[in-house]
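Working through the structure, step by step
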Amino acid sequence: MHTKFKLIGLAKSKQKFTLETKDNQEIFWSHESHLSEKQYSALFDLAKNTDGIWKGNNYCIIEHDAEHIYSDEVPKNPKVIKVIMDI
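So, here is what we can say about the structure in this document. Just so we're clear, the structure is a prediction, and the values are computed from it rather than from any experiment. (Residues numbered from 1 in each chain as written. Predicted model: local features only at pLDDT ≥ 70, side-chain atom pairs only at ≥ 80, totals over all residues. Heavy atoms only, no water.)

1. Some words on helix α1 (residues 37-49)
Formally: Counting from the N terminus, the helices are DSSP H or I runs at least four residues long and the strands are E runs at least two residues long. What a helix is expected to span follows from its residue count: subtract one and scale by 1.5 Å. Buried means the residue's accessible area, taken with a 1.4 Å probe over protein chains only, is under 20% of the maximum for its type, while exposed means over 50%, and partly exposed covers the values in between. For this quantity, the arc is that covered by the directions from the helix axis to the C-beta atoms. The contact rule is simple, with two residues in contact once any of their heavy atoms fall within 4.5 Å.
Relative to the 18 Å expected for 13 residues at 1.5 Å per residue, α1 spans 18 Å between its end C-alpha atoms, a close match to the ideal helical length. Along α1, the positions that sit buried rather than exposed are Tyr-40, Leu-43, Phe-44 and Ala-47. Relative to the axis of α1, the buried residues are bounded by an arc of 100° and lie together on one face. In α1, the exposed positions angled more than 90 degrees off the buried face are occupied by Lys-38 and Asn-49. The inward-facing, buried residues of α1 abut β1 (2-11), β2 (16-20) and β6 (79-84).

2. Concerning unusual backbone geometry
Peptide bonds are, in most cases, trans, and in most cases residues other than glycine have a negative phi. Notably, Gln-15 is not glycine yet its phi reads approximately 40°, a positive angle. Summarising the element assignment, Gln-15 is placed in the loop between β1 and β2. For Gln-15, a relative accessible area of 6% corresponds to the buried category. Positioned with a positive phi, Asn-77 is a non-glycine residue whose angle comes to about 50°. Mapped onto the secondary structure, Asn-77 falls in the loop between β5 (59-63) and β6. We classify Asn-77 as exposed; its relative accessible area is 64%.

3. Overview of the sheet that holds strand β4 (residues 32-33)
In a beta sheet, neighbouring strands pair by backbone hydrogen bonds and run either parallel or antiparallel. Where we set the bar: Being paired, for any two strands, means DSSP has found at least two bridges between them. Helix axes use the C-alpha atoms of the stretch in contact, all axes being lines fitted to C-alpha atoms, and the angles between their N-to-C directions lie in the range 0 to 180 degrees.
Sheet architecture is open: six strands sit in the order β3-β2-β1-β5-β6-β4, paired in mixed fashion. What marks the edges here is a single partner per strand, and that holds for β3 (27-30) and β4. As paired strands, β2 and β3 are joined by four bridges and run antiparallel to one another. Counterpart to Glu-20 in the pairing with β3 is Ile-27. Running over the sheet, α1 touches β1, β2 and β6 and is turned about 65° from β1.

4. Some points on the packing of aromatic side chains
Convention followed: Ring pairs are drawn from Phe, Tyr and Trp, using the six-membered ring of Trp, whenever the two centres fall within 6.5 Å, and their geometry is named by plane angle: stacked under 30 degrees, edge-to-face over 60, tilted for the rest.
Going through the model one piece at a time under the given rule, you end up with two aromatic pairs. A ring pair is formed by Phe-17 and Tyr-40, whose centres lie 5.3 Å apart and whose planes are at 75°; its orientation type is edge-to-face. Of this pair, Phe-17 sits in strand β2 while Tyr-40 sits in helix α1, placing them 23 residues apart in sequence. As far as the burial class goes, Phe-17 and Tyr-40 line up, both buried.

Any link to function would need more than the numbers given here.
Below, the structure is given as structure tokens:
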């Protein structure tokens with residue numbers, strides 16, 4: 001199953017994405033993605049060097065099993081498969 005979540009941050013170390021649920025009530029992290037290290041590094045540098053980037057609508061498409069969603073809409077074992085940046 002694929003679900004879109006708002007991307008609200010990135011960590012420099014080890015492909016860590018900070019994400020928010022659709023109702024903006026919960027924050028969670030994904031430590032896995034289909035991005036190469038080079039792609040993630042370029043994405044991180046873009047975010048770091050672009051003023052106001054976190055004010056836009058940035059999203060990640062997350063891959064997860066349908067039955068692996070907690071009651072608060074946070075997916076278990078999320079894996080980023082696509083990043084959509086509003087720049």
